[in-house]
Each structure stands twice: as structure tokens, then as C-alpha cells.
Amino acid sequence: MIRIIFLILLIFPLGCEKIEKIFIEEDILDRPPSERCSECHTKIYKQWKNSRHSVAWVSEKFIKKTKNRTKTKCLSCHAPLEIKPEEKPELRDKLRKEGVNCFSCHYREKTKSIHGPYKVFSPPHYSTYDPDYISSKICAGCHRKTYKNWKKTETDKNCQDCHMPSKKDRLVQKFPFTYFHSKKDLHNHSFPSLKAKEKDFMVEIIKDKTGILLRIKNIGIPHTVPTAQQGSPKYYITLSGIFKGKNIFKDDYMLTPESGLKPGKWKELKFFVDTKVEKVTIIIERKLSWINKKEKVLKKIFSF
Ligand code: HEC
Ligand code: HEC
Ligand code: HEC
Ligand code: HEC
Ligand code: HEC
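Now for a look at the structure at hand.

What counts and what doesn't
- Residue numbering note: each chain is counted from 1, following its sequence as written.
- By the order in which they are written, chains take letters starting at A while ligands take numbers starting at 1.
- Totals for whole chains, interfaces and linings use every residue, but because this is a predicted model, local features are given only for residues with pLDDT of at least 70 and side-chain atom pairs only at 80 or more, for both listing and counting.
- For this entry, the nonpolar core is defined as buried Ala, Val, Leu, Ile, Met, Phe, Trp, Tyr and Cys residues connected by C-beta atoms within 7 Å.
- Exposure is read from a count of other C-beta atoms within 10 Å of each residue's own; the residue is exposed at 12 or fewer, buried at 20 or more and partly exposed in between. C-beta atoms are placed from the backbone.
- Starting at the N terminus, helices and strands are each numbered in turn, a helix being any DSSP run of H or I of at least four residues and a strand any DSSP run of E of at least two.
- For every residue pair, C-beta atoms are placed from the backbone, and the pair is scored as a contact if these atoms sit within 7 Å.
- Two strands pair if DSSP finds at least two bridges between them.
- Defining nearness, a residue is near a molecule or strand when the C-beta atom obtained from its backbone falls within 6 Å of it.
- Gly counts as polar in this scheme, as do all residues outside two lists: the nonpolar Ala, Val, Leu, Ile, Met, Phe, Trp, Tyr, Cys and Pro, and the charged Asp, Glu, Lys and Arg.
- The directions considered for the arc run from the helix axis to the C-beta atoms.

1. What to know about the nonpolar core
Nonpolar side chains tend to gather and get buried jointly when the protein is soluble and globular.
Stage number 1. By size, the foremost hydrophobic cluster in this structure holds 26 residues, and its most contacted members are A56, C102 and C139.
Stage number 2. Looking at this core, the elements with two or more residues in it are α4 (42-49), α6 (102-106), α7 (137-140) and α8 (144-152).
Stage number 3. Ignoring sequence-local partners within four residues, the contact set of C139 consists of Y147 and C159.

2. Some thoughts on the pairing of strand β6 (residues 201-208)
As a general feature of sheets, a regular strand has side chains that alternate between the two faces.
Stage number 1. Across eight bridges, the pairing between β6 and strand β7 (residues 211-218) is antiparallel. Bridge pairing in β7 places D208 opposite G211.
Stage number 2. Following β6, the chain reverses through two residues before pairing antiparallel with β7.

3. Brief notes about the site of ligand 1
Stage number 1. Residues in close proximity to ligand 1 total 24 residues, the closest being C102, C105, P117, Q160 and H187.
Stage number 2. Split into classes, the residues belonging to the shell around ligand 1 amount to 14 nonpolar, nine polar and one charged.

4. Re the site of ligand 2
Stage number 1. The environment of ligand 2 is made up of 27 residues, and the closest members are C37, C40, G116, S122 and H181.
Stage number 2. Those elements that provide at least two residues to the shell around ligand 2 are α3 (34-38), α6, β2 (113-116) and β3 (127-129).
Stage number 3. Residues that form the shell around ligand 2 fall into these classes: 15 nonpolar, seven polar and five charged.

5. With respect to the sheet that holds β2
Stage number 1. Strand order across the open sheet formed by three strands is β1-β2-β3, with mixed pairing between neighbours. Of all strands in the sheet, those with a lone pairing partner are β1 (107-108) and β3, marking the two edges.

6. What about the environment of Y235?
Stage number 1. Inspection of the secondary structure puts Y235 in strand β8 (residues 234-243).
Stage number 2. For the pair Y235 and S259, spaced 24 residues apart in the sequence, the C-alpha separation amounts to 9.7 Å.

7. What to know about unusual backbone geometry
Stage number 1. Omega for the bond connecting F175 with P176 falls within 30 degrees of zero, at 0°, which places this linkage in the cis form.
Stage number 2. Along the chain, P176 turns up in the loop between β4 (166-169) and α10 (177-180).
Stage number 3. Cis geometry is found at the peptide bond from V225 to P226, where omega equals -10°.
Stage number 4. Relative to the elements of secondary structure, P226 occurs in the loop between β7 and β8.

8. So, α4
Stage number 1. Regarding α4, the residues found buried are I44, Y45 and W48. Considered in projection along α4, the buried side chains sweep an arc of 100° and stay on one side of the axis.
Stage number 2. On its buried face, α4 sits against α3, α6 and β5 (184-187).

None of the figures reported here should be taken as evidence of function without further support.
So this is what it looks like as C-alpha cells:
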């Protein structure tokens, strides 16, 4: 407390410009490692460390698929220099192992400052309010296919609304800055992949003489599921049939980003089942590109 009062007394007679001169830490704008940002933005750093962005360069699959990073056309989105809305980034020279890091997403050479979603008073480094950060365009240079797909739906939810959910908190954890600033919406920098919920799909079954027609519509996610730029996530749709308590049938379809569930469109899958079937169970599972495990999305049972 005494320290705070002392600080206020010290700072009170000075204008904002002078405060910036006292607190400016010039190396912050000199492409430092992300750990430098963690001194103040401790919470955001921890989240980012847990994100796929932080492993984009060191991911085993990426190394394998790019033949030990020799395929040059593959590299720039996995270790970008500076991201710009809707543009494919350039590859940077330094700190590539950090993948898509703080500096590449937030620094702009044009203004020589840190860009972000707020108008802030940030004495240690210059900041610029930039509305691109609350637009899906900021993700579009790399997530190109998903973005195109999303745009067609004309939804007002942007990528960040779902993949960077927010919570009121302080952006800075370091003394004394933490006391100078009010809480704001802190957006989750672990960029969760999320998982579809049952209510995201409409499922219908039509039985006829030749078997079962399964109809599925993606009504909750404003891009194809699964979706990918270069990864290979999958959806698995398994149908099994029961007659007099016995399993008489089981078959499945695998969906890729090319054949996936487009927003608002029915997908029809035909299963050739013996028509005496009395009950069918549908299970939908997904597998992300970087997890070798299937996860259940929904299970539905239909009786005839
Ligand atoms: C993939 C790009 C990306 C990376 C990597 C990234 N950020 Fe962000 N950051 C954003 C976007 C986009 C927003 C704005 C989110 C919004 O307002 O919807 C943001 C917001 C912020 C904010 C304002 C508070 C908030 O959460 O909205 C701070 C501070 C911040 N980032 C710091 C960092 C730090 C520190 C790192 C590294 C540990 C980092 N960011 C890594 C894209 C990124
Ligand atoms: C010595 C402390 C300190 C360090 C180190 C630091 N920042 Fe900040 N930063 C701040 C303060 C203070 C604010 C303003 C916080 C507020 O208004 O709540 C801020 C705000 C921000 C914002 C929001 C800008 C906006 O206009 O929305 C971003 C983004 C950001 N910092 C990114 C970074 C990145 C990236 C690094 C590392 C390269 C970094 N910061 C290092 C103190 C720091
Ligand atoms: C510089 C290019 C780039 C930008 C800009 C970018 N990303 Fe990414 N993103 C990647 C890469 C590369 C990966 C894959 C990393 C890996 O798994 O190896 C990724 C992975 C992800 C994942 C995890 C996907 C999965 O398969 O689990 C999500 C979610 C994500 N990004 C969301 C976003 C959002 C939201 C934005 C905009 C705020 C954004 N990204 C901006 C390059 C980028
Ligand atoms: C309304 C919420 C919502 C919005 C908006 C949204 N997503 Fe998603 N996204 C999801 C959900 C839910 C999943 C999980 C799907 C699954 O695998 O079950 C997902 C999955 C992903 C994945 C992981 C791969 C996959 O198929 O599981 C990536 C990458 C991704 N989204 C990127 C984006 C980008 C880029 C944008 C903006 C252009 C965006 N998303 C907008 C909800 C959303
Ligand atoms: C335009 C930017 C861009 C380029 C170029 C790019 N990637 Fe990616 N990559 C991404 C994004 C974004 C993701 C996140 C998941 C998704 O949407 O596929 C990703 C994810 C991946 C993944 C899955 C995640 C993981 O670590 O397992 C692999 C593997 C991958 N990329 C390999 C490649 C290869 C190989 C090339 C060259 C043929 C390449 N990438 C070029 C943007 C790019």
C-alpha cells in the first residue's frame, strides 16, 4: 500500500507523455522472445504456451510432412514475421521455434508499435488501437480455407468469439502496472479447438426398401466440420443396426475437410441395411489433426 501511495505521489505531477518516458522499455519493440511479454502479460503468455500456435514450428507432424522443413512454401504460416489481415505472411529468420508467437501477431512495422483491440495507456511499449483485431480478417491470412467458408455464412460471430472466449481480468500482472489499469475482456490465447455439441447438428433417418438414408445438417458451426488449411482432421459417422436384440449391421463413413458438413447444408449418407432392422444407433466422432484419438461428438438411437 505504501508503495502505491508513493508511486501516485511520484507520478501525479507528471503528464502522460512523461510517464511513458519513465517506463518505456525499448527492447519490447525489438522482436523479443515471447517470454519477455510474459513478465507483464503473464496470464496470456501461459495460455499461448498451451496453444497449437506455440508449437506450429516444432510439431512432429509438421516436421514430417514438410520433409524436415525443407518445403519452403510450407513454412511462413508456421513461423510468420508479421501477420496482416487476409495476407499470407512472410517467414521470419529468428526464434522460429516459437511458431506463431506474440510479436508476429501483435507488432506492425508500419507504426512501429504493438497493435491490439483496445485504446490503452501502456507506458512500457507503444500501442495502437486496431479494429482488425476484432475481425476474422486477422486469422484469414493463414486459416484461408476456413475463413472463405465462414465468410459465405454471413454470420456476425467472428473466429475470436468462439476460439478466443473472453473473461474480465487484468491484462497485466506485473507491479505497478497492474494497478494502473482497469479489468478488460481478456481473450483466451490458448485458441481452443473446441468440439461440436449435439445441438450443432440436425439428424434425420429415412428407412426405405434399400436401406437407410441418414441426413445430417450442421446448424451450429459457421464453417465446415471438420475444417482445415493443411491439417487432416476427420469426422467418423458410424451406423449400427439391431434386429431382435442382435447386431446385424455396422458401417461407417469418414468425412474430411473436403467432404465435411457444410454450414446449413444437408449431407445425405446411404447405408445398405437389411430392412428388417428395428433399431439403429448413430455415433459421430471426430479426430483433430494433432491428436491420434477419436472423441465422441454425438450418439442417437432411432427405433422403427
Ligand atoms: C494468432 C495471433 C495471436 C497470437 C499468437 C497472440 N495474440 Fe494477443 N491477441 C490476438 C487477437 C486477435 C486479439 C484480440 C481478441 C479480441 O479482441 O477479440 C489479441 C488480444 C491481446 C491483448 C489484449 C487483451 C485481450 O485478451 O483481448 C493482449 C494484451 C495480447 N493479445 C497479448 C498477447 C501476448 C502477450 C501474446 C503472446 C504470449 C499474444 N497476445 C499472442 C491475437 C494473437
Ligand atoms: C513491462 C510490462 C509490459 C511488457 C513487458 C509488455 N507489455 Fe504489453 N502492455 C503493458 C501494459 C501496461 C498494457 C496496457 C494494459 C491495460 O490497458 O490494461 C499493455 C497492453 C498490451 C496490448 C493491448 C494493446 C491494444 O491496443 O489493445 C498488447 C496487444 C500487448 N500489450 C502486447 C504485448 C506484447 C506482444 C509484448 C511482448 C513483445 C508485451 N506486450 C510486453 C505492459 C507490458
Ligand atoms: C500466422 C498464421 C496464423 C494466424 C494469423 C492464425 N493462425 Fe491459427 N493456426 C496457425 C497454424 C500454423 C496452426 C497449426 C499449429 C499446429 O498444430 O501445428 C493454427 C492452429 C489453430 C487452431 C487449432 C486448430 C486445431 O487443429 O486444433 C485454432 C483454433 C486456431 N489456430 C485459431 C486461430 C484464430 C481464431 C486466429 C485469429 C485470431 C488464428 N488462428 C490466426 C496459423 C495461424
Ligand atoms: C460459432 C462458433 C464458431 C465460429 C464463429 C468459428 N468456429 Fe471454428 N470451430 C467451432 C467449433 C464448435 C469447432 C469444433 C468442431 C469439431 O471438431 O467438433 C471448431 C473447429 C475449428 C478448427 C479445428 C478443426 C476442426 O475441424 O475441428 C479450426 C482450425 C477452426 N475452427 C477455425 C476457425 C476460424 C479460422 C474461424 C473464423 C473464420 C472459426 N473457426 C469460426 C466453432 C466456431
Ligand atoms: C496459408 C498458411 C499455411 C501454409 C502455407 C501451410 N500451413 Fe500448415 N497449417 C496452417 C493452419 C492455419 C493450420 C491449422 C489447422 C488447419 O486448419 O489445418 C495448419 C496445420 C498444419 C498441420 C496440422 C497440425 C500439426 O501440427 O499436426 C500440418 C501437419 C501442416 N499444417 C503441415 C503443412 C504443410 C506440409 C504445408 C506445406 C504443404 C503447410 N502446412 C503449409 C497454415 C498453413
